[in-house]
Amino acid sequence: WSRLSLHSFVCTLDLASLPRVLRVCSGVETGLSAGSIYEISGNECCLSTGDLIKVTQVRLQKVVCENPGTGQTMEITPDFHGYFSPLTGRQSYGTLEELLSAATQCSKTLPICFMSTHRITTEARVVPEDQPLKLEAVETYHGTYRARCVLDTETHPFILHLPLSQKGPFWEWKPGAPRPLLKALQDPALSNLLFTCPTLPWRTLILRPQYEVQAIMHMRRTIVKIPSSLEVDVEDVTSSSQHIHFIQPLLLSEALARGGPFPLCMEILEIPEGPSIFLSPWAGSLHKGQKLCIHGLASPPWRVLVSTKGRKIPRHFMVSGAYQGKLRRRPREFPTAYDLLGALQPGQPLRVVATKDCEGEGVESPGFTSLAVGDRLEVLRSGQAHGAEGRDIDVLVCQRLSDKAEEEEEEENEDVEDDDQILLPLYFSGSFVEEMNDSRRYSLEDLTAHFSLPCEVKVVAKDSSHPADPLPSFPGLRLEEKIMEPFLVVSLNSNPEMCFEIPPRWLDLTVVEAEGQPGQPAGPLPVATVEELTDAFYYSLRRLPAFKNQPPPPRPPKSQGLSGQKKQSNKEKSGQVPTYQNGQGGEVVGVTAGPASFVQHPISLSVVKNLQFIHLHTLYLLFL
């Protein structure tokens with residue numbers, strides 16, 4: 001192969017011979033001494049003199065059709081359905097008599113195909129330039145010898161009788177067999193010929209294909225896509241470059257998508273920018289030049305996001321589904337009624353105990369007076385109630401439980417009146433703790449299969465395969481979310497016993513295949529099942545769409561102010577009966593307060609306590 005332009009090389013290339021290795025001989029003048037920088041497929045690419053590229057594929061992008069007479073152009077797509085006939089054997093003659101004489105000397109038989117580069121005007125018709133004609137015979141016409149020519153029109157052939165002295169120049173051509181566009185372009189013998197195509201407006205045209213060359217460059221991760229029109233000269237050096245290996249970097253996500261074969265011995269070329277995501281010791285070992293062994297896909301493919309409880313500054317972990325520690329459920333804490341609603345599951349009773357005194361003043365729900373520490377509630381369902389200003393508010397319907405035995409409660413539940421039900425607005429800010437009696441020890445898999453998340457647990461037995469398991473040291477843990485994400489099992493070549501799991505989605509290292517055989521530790525891989533997360537990564541996880549499926553809690557109503565309190569007081573004096581909807585379409589009528597009732601003159605729980613303290617203090621002084 002000699003030195004060619006890239007376009008000439010592509011046009012004469014046999015696609016069956018790919019891949020081919022090319023050496024860049026020269027590029028466009030850009031003021032750079034070493035080579036040329038091009039904008040290729042949106043990425044900056046430098047083609048320096050002497051660079052090697054490995055062409056792996058060539059694709060036809062479009063074909064530019066040019067009218068040889070006018071220079072006009074038009075584009076057609078590679079799936080164009082017209083047929084093209086090549087015009088071969090072109091030779092110029094001054095008159096039709098010279099054309100016939102040359103045909104006789106070469107023993108050519110009629111008909112002869114030709115065209116004129118100028119317009120021919122006759123009494124019957126005007127023949128445009130470059131219009132194909134067919135000379136079928138020489139005959140006497142109106143007493144003179146004339147050439148009988150056939151002009152193909154869109155409707156039917158038209159007969160012309162041209163004098164032999166008709167001046168040209170005329171070009172003889174031989175129409176080849178019609179062929180599709182791709183066949184016409186793939187034949188190297190037709191690369192410099194004119195074509196005719198009945199479906200295009202021009203009688204003759206030149207085909208100028210434009211290709212996209214896909215190539216591999218040394219130490220470049222992505223495939224380079226180069227247009228064949230790029231002004232660069234190349235030389236084919238495939239035969240002398242069989243020993244050259246093109247090093248092509250790849251991302252961990254690409255290695256994951258390839259699916260193996262594993263294990264793979266890799267060397268780190270680049271670490272993604274940004275804050276670190278893990279606080280584990282192995283995270284500091286990931287740097288440029290470090291050799292890794294990728295053992296394959298981690299199993300199982302799910303993780304659980306965990307946060308600690310009982311500390312001022314919580315810590316966050318990602319726990320593998322392969323975690324072998326034992327967990328025990330802990331009572332959940334609920335700061336609002338909205339959190340209670342989120343924990344309510346069909347068919348699973350939810351009982352809670354109030355851990356804070358809650359007064360009823362300022363609460364719009366008519367079915368709520370107050371809660372004291374130790375009050376037991378069973379969450380029944382959601383509903384709506386008519387508020388103080390006549391608007392509906394979302395509430396949580398709860399049953400107040402007594403301190404009787406559970407068996408007695410179950411018998412009495414059938415006869416419980418609606419007066420024992422209280423309505424908690426969803427915005428109600430109380431404090432509740434779950435009432436539960438479950439001492440069973442669960443595995444992480446069983447716990448996530450039988451209970452919905454979030455869930456609060458205590459690790460009562462650490463993972464025996466993870467000696468440094470930090471989870472048992474915490475008084476409580478909150479299992480927040482189950483994450484389905486593929487991880488790769490990785491170890492350091494310098495320390496094969498240090499195995500860990502990397503999520504390519506969040507830690508996508510740029511690596512390159514390294515020489516040597518990957519080391520295999522004896523026995524099963526000792527993979528750490530608990531990884532501590534940085535705060536920045538934890539909160540970025542919580543911003544993912546998977547964590548945004550819960551609507552925000554309802555806002556509390558605006559403060560009524562003094563005028564609102566007066567209106568409320570007037571309504572109570574007028575004896576209006578508040579009602580609420582029980583979530584099943586029915587209404588329950590509230591109890592109307594009498595003139596001297598507690599409801600008409602409400603006293604807060606704190607005021608009652610203060611009165612009791614004053615009374616006791618007075619008795620103490622009298623006793624003295």
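Figured I'd write up the structure that's included with this text.

Reading the values: the criteria
Residues numbered from 1 in each chain as written. Predicted model: local features only at pLDDT ≥ 70, side-chain atom pairs only at ≥ 80, totals over all residues. Heavy atoms only, no water. Helix = DSSP H or I, 4+ residues; strand = E, 2+ residues; numbered from the N terminus. Buried < 20%, exposed > 50% of the residue type's maximum accessible area, 1.4 Å probe, protein only. Pairing = 2+ DSSP bridges. Polar contact = N/O pair within 3.5 Å; in protein donor to acceptor, adjacent residues only side chain to side chain. Contact = heavy atoms within 4.5 Å. Arc of directions from axis to C-beta. Patch = residues over 30% accessible without salt bridge, like charges linked within 9 Å, V, L, I, M, F, W, Y side chains within 5 Å. Areas by Shrake-Rupley, 256 points an atom, 1.4 Å probe, with all protein chains shown as cover. Salt bridge = Lys/Arg side-chain N within 4 Å of Asp/Glu carboxyl O. Lys, Arg positive; Asp, Glu negative; His and termini not counted. Charge placed at Lys NZ, Arg CZ, Asp CG, Glu CD. Phe/Tyr/Trp six-rings, centres within 6.5 Å; stacked < 30°, edge-to-face > 60°. Lys NZ or Arg CZ within 6 Å of the ring centre and 35° of its normal.

1. Concerning the environment of Pro 68
Here comes step 1: If you trace the backbone, Pro 68 turns up in the loop between strand E5 (52-66) and strand E6 (73-76).
Here comes step 2: Under the relative-accessibility criterion, Pro 68 is labelled partly exposed at 35%.
Here comes step 3: Placed 62 residues apart in sequence, Pro 68 and Asp 130 show a C-alpha to C-alpha distance of 8.7 Å.

2. Structural notes on the pairing of strand E18 (residues 224-227)
Here comes step 1: By the alternation rule, side chains of E18 split into Val 224 and Ile 226, which are all buried, and Lys 225 and Pro 227, of which none is buried.
Here comes step 2: Pairing of strand E17 (residues 206-217) with E18, which is carried by four bridges, proceeds in the antiparallel orientation. Each residue of the ladder has a partner; that of Ala 215, found in E18, is Val 224.
Here comes step 3: From the end of E17 to the start of E18, which pair antiparallel, there are six residues, and Met 219 there has a positive phi angle of about 60 degrees.

3. A short note on the side chain of Glu 66
Here comes step 1: Examined against the element boundaries, Glu 66 turns out to sit in strand E5.
Here comes step 2: Assessed through its relative accessible area of 18%, Glu 66 is described here as buried.
Here comes step 3: Engagement of the side chain of Glu 66 in a polar contact is seen with the side chain of Arg 208, the distance being 2.6 Å.
Here comes step 4: If we ignore the near neighbours within four places in the chain, the residues touching Glu 66 are Gly 71, Gln 72, Thr 73, Trp 202, Thr 204, Leu 205, Ile 206 and Arg 208.

4. Re helix H8 (residues 535-542)
Helical periodicity: at 3.6 residues per turn, an α-helix aligns residues three or four positions apart in one direction.
Here comes step 1: For H8, the set of buried residues is Phe 537, Tyr 538 and Leu 541. Each buried residue of H8 lies within a common arc of 100 degrees when the element is viewed along its axis, so the set occupies one face.

5. Considering a positive patch on the surface
Here comes step 1: Together, Lys 326, Arg 328, Arg 440 and Arg 441 make up a positively charged patch on the protein surface.
Here comes step 2: Looking at the secondary structure, you find Arg 440 in the loop between strand E31 (429-434) and strand E32 (441-442).

6. Side note on helix H2 (residues 96-105)
Here comes step 1: Within the span of H2, buried status applies to Leu 96, Leu 99, Leu 100, Ala 102 and Ala 103. Buried residues of H2, viewed axially, fall in a sector of 160 degrees; they line one side. Exposed and oriented more than 90 degrees from the buried face of H2 are Thr 104 and Gln 105.
Here comes step 2: Following H2 by one or two positions, Ser 107 has its phi on the positive side, about 60 degrees.

7. Focus: the packing of aromatic side chains
Given two aromatic rings, their pairing is described by the distance between the two centres and the angle made by the two planes.
Here comes step 1: All chains considered together, the criterion is met by ten aromatic pairs.
Here comes step 2: Ring geometry for Tyr 538 and Tyr 539: centres 5.0 Å apart, planes at 70 degrees, overall edge-to-face.
Here comes step 3: In this structure Tyr 538 comes out as buried when scored by relative accessible area, which is 6%.
Here comes step 4: By relative accessible area, which is 44% here, Tyr 539 ends up partly exposed.
Here comes step 5: An aromatic cluster is present here, built from Phe 278, Trp 282, Phe 500, Trp 506 and Phe 537 joined pairwise through their rings.
Here comes step 6: Taking the ring centre of Phe 487 as reference, the NZ or CZ of Arg 303 above it sits at 4.0 Å.
Here comes step 7: Across from the ring centre of Trp 302, 4.4 Å away, lies the NZ or CZ of Lys 482, which sits over that ring.

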